[in-house]
Amino acid sequence: MVDLAEKEMDNPTFRSDTVLSDVHLHCPSKRHLMVRLNAVGQPVFLSHFKLLWSTEDLASGKHVREITTGREHECRSGDELCDEDRSNIKKGESNSEGVEALLDDDGDLEVVRRPRSASDLQAEDLLRDIVCPVILMKGKEDAFEDEEQDCTYGDVVKIEHTMATPLEDVGKQVWRAAFLLADYILFKRDTFRCCSVLELGGGTGITSILMGTVAKRVYCTDVGEDLLAMCEQNVALNKHLMEPGGGEIKVKELDWLKDEFCTDPEAPYSWSEEEIADLLDHCSVIMAADVFYDDDLTDALFRTLYRITHNLRNSCTIYLALEKRLNFTLRHMDITCEAYSHFRNTLNDLENLQDGKMKYTVEPIKLDFCQFLVYERIEQL
């Protein structure tokens, strides 16, 4: 639903009251099962996101070759390696050129999907699987029995999430930049091994969960009791992924609009004094994925980053992943990316900050590292 709000006749703007995640569209052959309604009545789905290699293989280094570079944040010689790995991942693909368009009984076009593997080549008629949410009334474990048999123990991340929300609840969905950051974590796992990590705006927790497979401790933070409860549930669903490395994930509230950690013992997901001290004494990595969509929240995030890094005992590396979302605006009469522009300006301000105690340097990470999760890596990431 889109409303046209016209505060001034010469400056109309569009406002959308519903935001739809497109991540589930990249898994057309998987069922998304509705498991419950959350506290505000939104349907919650449980999806399986498959790792291209299992966590056991990641731990042993099997199937994965590191790129050796002299810099922490950039893969300089990755083009050849990752092209080769991607071709291995995609081998057996063929295009659907020459396949006739098929119509259903009503004359609507049935979209033919491109096969992803050799086994798909034998799929009857090469038709795209229909994604039909299944409402589970009872026997949740039985409902997943067939799917569990298709998945090895360490190569699937299970995430409860929503598919459409109002803007203020977008953290309950799964976004591509979270997958991108998770890819980088798994690719550079030795960099993050045994680290203490803080995630800002963790949402469903998928990035923290995969960080938890290599890091010593992850503080996954966001705001909203319903969202944090969903995140905690996802951590519990994937506890087996963290067990081999002994990683620990703590789900905590961290409101960027407040200057202090929540320490009220009566509040759910509050911080103890010991946890705050542990974070400030040991944290060496801060990360955030797809949290730059609102200018006020972007400003609040950078204030929070400054406040936290200012109090850390050790130097820290901050990893920010985002998707540049392009929109046509009547104000500019052009396709723009205003949220990204504001993010870049704020990032430049941070880098140019004159502070006797703190110095920030910014450098981009090339996206030529290998892909460990099944999603579409678009040029706007």
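Sequence order sets the numbering: in each chain, residues are counted from 1 along the sequence as written. Confidence filtering applies because this is a predicted model: local features only for residues at pLDDT of at least 70, side-chain atom pairs given and counted only at 80 or more, and all residues used for totals across whole chains, interfaces and linings. As a rule here, side-chain values cover all heavy atoms of the structure and leave hydrogens and water aside.

- Per an unreviewed UniProt entry, the chain is named Methyltransferase-like protein 22, and its organism is Promerops cafer.
- UniProt positions are given in the numbering used here, feature names are shortened, and annotations may be inferred rather than shown by experiment. The UniProt entry for the chain carries the following text under Sequence similarities (unreviewed entry): "Belongs to the methyltransferase superfamily. METTL22 family."
- The Subcellular location (unreviewed entry) field of the UniProt record for the chain holds the comment "Nucleus".

What to know about the overall build of the chain
At step 1: Looking only at helices and strands, the chain features 13 helices and 17 strands.
At step 2: For the chain, buried positions account for 46% of its 381 residues.
At step 3: By the convention used here, residues are in contact when the closest approach between their heavy atoms is within 4.5 Å. In the chain, 70% of the contacts between residues at least 6 apart in sequence involve partners at least 24 apart.
At step 4: On the chain, roughly 20600 Å² of surface is accessible, and the fraction owed to carbon and sulfur atoms is 49%. Numbering goes from the N terminus for both helices and strands, where a helix is a DSSP run of H or I of at least four residues and a strand is a run of E of at least two. Relative accessibility under 20% of the residue-type maximum defines a buried residue, over 50% an exposed one, and the middle range a partly exposed one, all with a 1.4 Å probe and only protein chains included. The method behind every accessible area is Shrake-Rupley, applied with a 1.4 Å probe, and residues are considered shielded solely by the protein chains displayed.

Focus on the pattern of salt bridges
Here the idea is simple: oppositely charged side chains can pair when their charged atoms come close.
At step 1: Only one rule defines a salt bridge in this text: a Lys or Arg side-chain nitrogen within 4 Å of an Asp or Glu carboxyl oxygen. If you walk through the whole model with that rule in mind, you get 15 salt bridges.
At step 2: For the salt bridge of Lys 252 with Glu 275, the shortest nitrogen-to-oxygen distance reads 2.9 Å. Of the two residues, Lys 252 sits in strand β13 (residues 248-253) while Glu 275 sits in helix α11 (residues 273-282), which places them 23 residues apart along the sequence. The pair formed by Lys 252 and Glu 275 is uniform in burial state, with each residue classed as buried.
At step 3: Among the ionic pairs, Asp 281 bridges to Arg 313, the shortest N-O distance being 3.7 Å.

Focus: the packing of aromatic side chains
At step 1: Only Phe, Tyr and Trp rings take part, Trp by its six-membered ring, and two of them pair if their centres are within 6.5 Å. Stacked means planes under 30 degrees apart, edge-to-face means over 60, and tilted covers everything else. Counted according to the given criterion, the structure contains 13 aromatic pairs.
At step 2: Centroid distance Phe 192 to Tyr 319: 5.3 Å. Interplanar angle 70 degrees. Geometry classified as edge-to-face. Of this pair, Phe 192 sits in helix α7 (residues 189-192) while Tyr 319 sits in strand β15 (residues 317-321), placing them 127 residues apart in sequence.
At step 3: For Phe 192, a relative accessible area of 1% corresponds to the buried category.
At step 4: For Tyr 319, a relative accessible area of 4% puts it in the buried group.
At step 5: Every member of this aromatic cluster is reached through a ring pair, and the members are Tyr 184, Phe 187, Phe 192, Tyr 319 and Phe 369.
At step 6: Counted as over-ring charges are cases with an Arg CZ or a Lys NZ within 6 Å of the ring centre that also lie within 35 degrees of the ring normal. The ring of Phe 261 carries Arg 307 above its face, with NZ or CZ at 5.8 Å from the centroid.
At step 7: When the ring centre of Tyr 340 is taken as origin, the NZ or CZ atom of Lys 324, which lies over that ring, is 5.0 Å away.

Comments concerning the sheet that holds β15
At step 1: With parallel pairing, the five strands of this open sheet are ordered in space as β13-β12-β11-β14-β15. Strands at the two margins of the open sheet, each flanked by one partner only, are β13 and β15. Strand-to-strand twist in this sheet, taken as the mean axis angle between neighbours without regard to direction, amounts to 20 degrees.
At step 2: Two strands pair under a simple rule: DSSP has to find at least two bridges between them. Sheet analysis places strand β14 (residues 283-289) next to β15, joined by five bridges and oriented parallel. Each bridged residue has a counterpart across the sheet, and for Ile 286 the counterpart in β15 is Ile 318.
At step 3: Of the strands in this sheet, β14 and β15 are in contact with helix α6 (residues 176-187), which crosses β14 at around 145 degrees.
At step 4: In this analysis, axes come from line fits to C-alpha atoms, helices being fitted only over the stretch in contact, and the angle between any two N-to-C directions falls in the range 0 to 180 degrees. Lying on the sheet, helix α9 (residues 225-237) is in contact with β12 (217-222) and β13; it crosses β13 at an angle near 175 degrees.

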